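Topology and contacts: notes
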Amino acid sequence: MPTPEQIWQDADLPTRRLAGLALNPSAPHNVLLRLLADAPLAVRMVLCRDRVLPEAVVDAVVEHPDNRTRSFFARNPHVDPAQRVRLVDDPDWFVRAHLAEAPRVTAPAEPRPLPDAAVVHMMNTYDPEHLGGTFYRQFSVELRRSMATHPDAKVRAWGVGMWWGWLPAETRAALLADPDDEVRERAENHLRHEDPAWVESVLPAHSCHARTGILLHNALSRAVVDSVLTTPAGPQDRSMIASNPSLPPDVVVLLAADPAPEVRAEIARRTDLGPTERRALVADPDPDVRRAVARQPGLDHVERHALAADPDPKVRLAVSVHPAWTEEERARISYEVPLDHFFVFHPAPLTPRDPEVVRRNALSGHPMLRREAAREHSLPPDLVARLAVDDDLGVRVLLAQNHPDAPAPLLLRSFLEYTGPDRAHLLTRPNFPTDGLATYADDEDPEVRALAARDPGTAPDTVDRLTRDPDPAVRAASARHPNLPPARLTELLDDEELAHCAAANPALDRDTILRLVAALPVM
């Protein structure tokens, strides 16, 4: 069975032109219905997967005899999820499996969640093999937060598997005594990871993903910790345990001045040393371990001040955001704030952040703490206004990437100034401006030049010129601009590269639309 990529690759020029027409907002309902009934599979794929559809067309899609056509609609990220859910009991497993698999969206965007009732229904009626992969991405935040206490046992079992580490003690206790066998077994399996003796018994002796996960997150016995200190299985073992919350206090002290490999070899040969003697041998410290241990919440006054004076700037930066500092103490640390980090979208956490902590971080003099606050989706308006004009690029861009009410000037400024990953996500934010973008039509950066195609006021001659731009993305965006001169639009309908985009142009006249559809054979 051909993949969607193969279907599109095999489409000829007339088919791609019809696929563009399927996306055209000016195409009337009867044209869309004709495409759905008689067009090749590539056209039906684009029509059902890549746009919002009128209700009459949705009705026809749901009843379409071809399971591939219905499956494309099952993964449409643009339509209301309540429309996709009409396929929840489709007679073909192929369609149901595609409904369970979340729609493909460009990262970091997330697909809109399915209705909670539909998710619960799928958990109880679908084969487990069809609910793996990305099904969880379609859960609403409200459902995620209630799963562990949900009245339906299947939902509770999912809640155990996904959120055990965030559950309060009373909820865990209830799950361990749950009347449902599957729920209890899953809870017991997760509880084992908090038993140092069990963790020790399953810890792989060699470097691998399983060992990494255990050293980072599971409860570690003293024997495991000592083995990492003396005979680690890999060079990263020490930095892994350095941030583990179960690390004993004396080992936190030891790792706060972690020795270099040759010194560790000397310590390993000395079996008669306790923690104090081991620390006396420490020299030539390893900054990777110290950076990790700087995140330990239990660092005392002496350890924090030692790390704050560390010769490695990344260690000083790591400890400078420790919550135990006062703002005055933090300001005395000589840290360097990096500007080469990725400033991207962050999904809302399962457990809401403490509003007082968020406000304290937003008002901090430390840019890294303000960056943390800028990621908060529910930041109140006064803090949004404050952080929108912050002097730190990371603060501004993170606010633009994450807050639903980020102001238009901030969004545009962030797009112009930030060129890292997820830059294009800024274009999807609700308030991103359109007016005035034509001024960037001659910018050196092709992503900035493409902004002109979003401006409804871009002059026809400018749009025409941009369809000949050296950059393919600029050409494609400009071919869909309604101000494209009619003669150039007609010319592009026969262009191998841009016919698809030109046929999607809302300025395409009705006679041309009908002529293109009339060439379809009746299936």
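Quick caveat, the model's predicted, so the values are computed rather than measured. (Residues numbered from 1 in each chain as written. Predicted model: local features only at pLDDT ≥ 70, side-chain atom pairs only at ≥ 80, totals over all residues. Heavy atoms only, no water.)

1. Description of the overall build of the chain
Along its length, the chain carries 35 helices and zero strands. Oriented by its inertia axes, the alpha-carbon framework of the chain measures out at about 90 × 60 × 45 Å. Within the chain, buried positions represent 48% of all 523 residues. Carbon and sulfur atoms form 56% of the exposed surface of the chain, whose accessible area is close to 25,000 Å². Each charge class in the chain was averaged separately, 59 positive and 79 negative side chains, and the resulting centres sit 1 Å apart. (Helix = DSSP H or I, 4+ residues; strand = E, 2+ residues; numbered from the N terminus. Buried < 20%, exposed > 50% of the residue type's maximum accessible area, 1.4 Å probe, protein only. Areas by Shrake-Rupley, 256 points an atom, 1.4 Å probe, with all protein chains shown as cover. Lys, Arg positive; Asp, Glu negative; His and termini not counted. Charge placed at Lys NZ, Arg CZ, Asp CG, Glu CD.)

2. Focus on the packing of aromatic side chains
On inspection of all chains with the given rule, the structure shows seven aromatic pairs. A centroid spacing of 6.0 Å and a plane angle of 85 degrees characterise the contact between Trp-93 and Phe-94, whose relative ring orientation is edge-to-face. For Phe-94, a relative accessible area of 11% puts it in the buried group. Seen in terms of ring centroids, Phe-415 and Phe-432 are 6.1 Å apart; in terms of plane orientation they differ by 80 degrees. Their pairing is edge-to-face. Placement of Phe-415 in helix 29 (residues 408–417) and of Phe-432 in the loop between helix 29 and helix 30 (446–449) is noted, with a sequence separation of 17 residues between them. Here the aromatic residues Phe-135, Phe-139 and Trp-158 are joined through ring pairs into a cluster of three or more. (Phe/Tyr/Trp six-rings, centres within 6.5 Å; stacked < 30°, edge-to-face > 60°.)

3. A short note on the environment of Arg-84
Along the chain, the position of Arg-84 falls in helix 7 (residues 81–84). Residue contacts for Arg-84: discarding those within four places in its chain leaves Phe-73, Ala-74, Arg-75, Asn-76, Val-79, Leu-99, Glu-101, Pro-103, Leu-114 and Gln-138. A polar side-chain atom of Arg-84 sits 3.4 Å from the main-chain carbonyl oxygen of Leu-99. (Contact = heavy atoms within 4.5 Å. Polar contact = N/O pair within 3.5 Å; in protein donor to acceptor, adjacent residues only side chain to side chain.)

4. Comments concerning the packing of helix 26 (residues 367–374) against helix 28 (residues 393–402)
In the contact formed by helix 26 and helix 28, the axes pass within 8 Å of each other and the chain directions differ by 10 degrees. With respect to each other, helix 26 and helix 28 are oriented roughly parallel. On the side of helix 26, the interface is formed by Pro-367, Arg-370, Arg-371 and Ala-374, while helix 28 contributes Gly-394, Val-395, Leu-398, Leu-399 and Asn-402. Here the contact of helix 26 with helix 28 is built from residues that sort into five nonpolar, two polar and two charged. (Axes fitted to C-alpha atoms, helices over the stretch in contact; angles between N-to-C directions. Parallel < 35°, antiparallel > 145°, perpendicular 65-115°, else oblique. Nonpolar A, V, L, I, M, F, W, Y, C, P; charged D, E, K, R; others polar.)

5. Overview of the confidence of the model for the chain
Per-residue confidence for the chain gives a mean pLDDT of 91, with 94% of residues at or over 70. For residues 279–284, every residue scores under 50 in pLDDT, and the model assigns this stretch 18 contacts once sequence neighbours within four places are set aside. (pLDDT = per-residue confidence, 0-100.)

6. Concerning the side chain of Asp-471
Relative to the elements of secondary structure, Asp-471 occurs in the loop between helix 31 (460–466) and helix 32 (472–479). For the buried Asp-471, no salt bridge exists, and the shortest N-O distance to an oppositely charged side chain is 5.4 Å, to Arg-449. At 3.0 Å, the side chain of Asp-471 and the backbone nitrogen of Ala-473 are in polar contact. Of note is the side chain of Asp-471, whose polar atom sits 3.2 Å from the backbone nitrogen of Val-474. For Asp-471, the contacting residues outside a window of four places in its chain are Pro-446 and Arg-449. (Salt bridge = Lys/Arg side-chain N within 4 Å of Asp/Glu carboxyl O.)

7. What about the pattern of salt bridges?
The full count for this structure, using the stated rule, is 38 salt bridges. Between Asp-250 and Arg-222 there is a salt bridge, with the nearest N and O atoms lying 2.8 Å from each other. Residue Asp-250 is found in helix 18 (residues 249–255), and its partner Arg-222 is found in helix 16 (residues 222–230); the two are separated by 28 residues along the sequence. What makes Asp-250 partly exposed here is its relative accessible area of 27%. The salt bridge involving Glu-491 is made with Arg-488; its shortest N-O contact spans 3.0 Å.

8. A short note on the packing of helix 2 (residues 13–23) against helix 35 (residues 510–518)
Relative to each other, helix 2 and helix 35 sit at 130 degrees, their axes nearing to 11 Å. Classed by the angle they form, the pair helix 2 and helix 35 counts as oblique. Between helix 2 and helix 35 lies a crossing whose hand is left-handed. Contact with helix 2, carried on its side by Arg-17, Leu-18 and Leu-21, involves Ile-513, Leu-516 and Val-517 of helix 35 and no other residues of that element. Classifying every residue of the contact of helix 2 with helix 35 by side-chain character gives five nonpolar, no polar and one charged. (Left-handed = near helix turned anticlockwise from the far one by under 90°.)

9. Details of the nonpolar core
With 74 residues, the main nonpolar core has Leu-35, Met-122 and Phe-135 as its most contacted residues. It is helix 4 (residues 41–49) that contributes the most residues to this core, six residues altogether. The contact partners of Leu-35, leaving out residues within four places of it in the chain, are Leu-18, Leu-21, Ala-22, Val-43, Arg-44, Leu-47 and Leu-520. Residues Ile-214, Val-224, Ala-294 and Ile-333 belong to the second largest nonpolar core, which totals 30 residues. (Core = buried A, V, L, I, M, F, W, Y, C linked by side-chain atoms within 4.5 Å.)

10. Structural notes on helix 23 (residues 313–320)
Within helix 23, six of the eight residues are buried, leaving the element largely enclosed by the surrounding structure. Buried within helix 23 are the following residues: Val-315, Arg-316, Leu-317, Ala-318, Val-319 and Ser-320. Where the residues of helix 23 are buried, they touch helix 21 (287–293), helix 22 (301–308), helix 24 (327–331) and helix 26. A side-chain oxygen of the first residue of helix 23 lies 2.8 Å from the backbone nitrogen of Lys-314; this N-cap is Asp-312.

11. Looking at unusual backbone geometry
You will see that Asp-422, though not glycine, has its phi angle at about 65 degrees, which is positive. Tracing the backbone through its elements, the reader meets Asp-422 in the loop between helix 29 and helix 30.

12. Focus on the side chain of Asp-469
You can see Asp-469 is positioned in the loop between helix 31 and helix 32. On the accessibility criterion, Asp-469 (8% relative accessible area) is buried. Setting aside its immediate chain neighbours within four residues, Asp-469 contacts Arg-449, Val-474 and Arg-475.

13. Quick word on helix 35
Taken as a whole, helix 35 has its buried residues at Thr-512, Ile-513, Leu-516 and Val-517. For helix 35, the arc enclosing every buried residue in end-on projection is 130 degrees, short of the 170-degree limit, so these residues lie on one face. In helix 35, the exposed residues that point more than 90 degrees away from the buried face are Arg-510, Asp-511, Arg-515 and Ala-518. Buried residues belonging to helix 35 abut helix 2 and helix 3 (29–38). (Arc of directions from axis to C-beta.)

14. As for the environment of Val-319
Summarising the element assignment, Val-319 is placed in helix 23. Sequence-distant contacts of Val-319, defined by excluding residues within four places in its chain, comprise Ala-294, Leu-299, Arg-304, Leu-307, Ala-308 and Trp-325.

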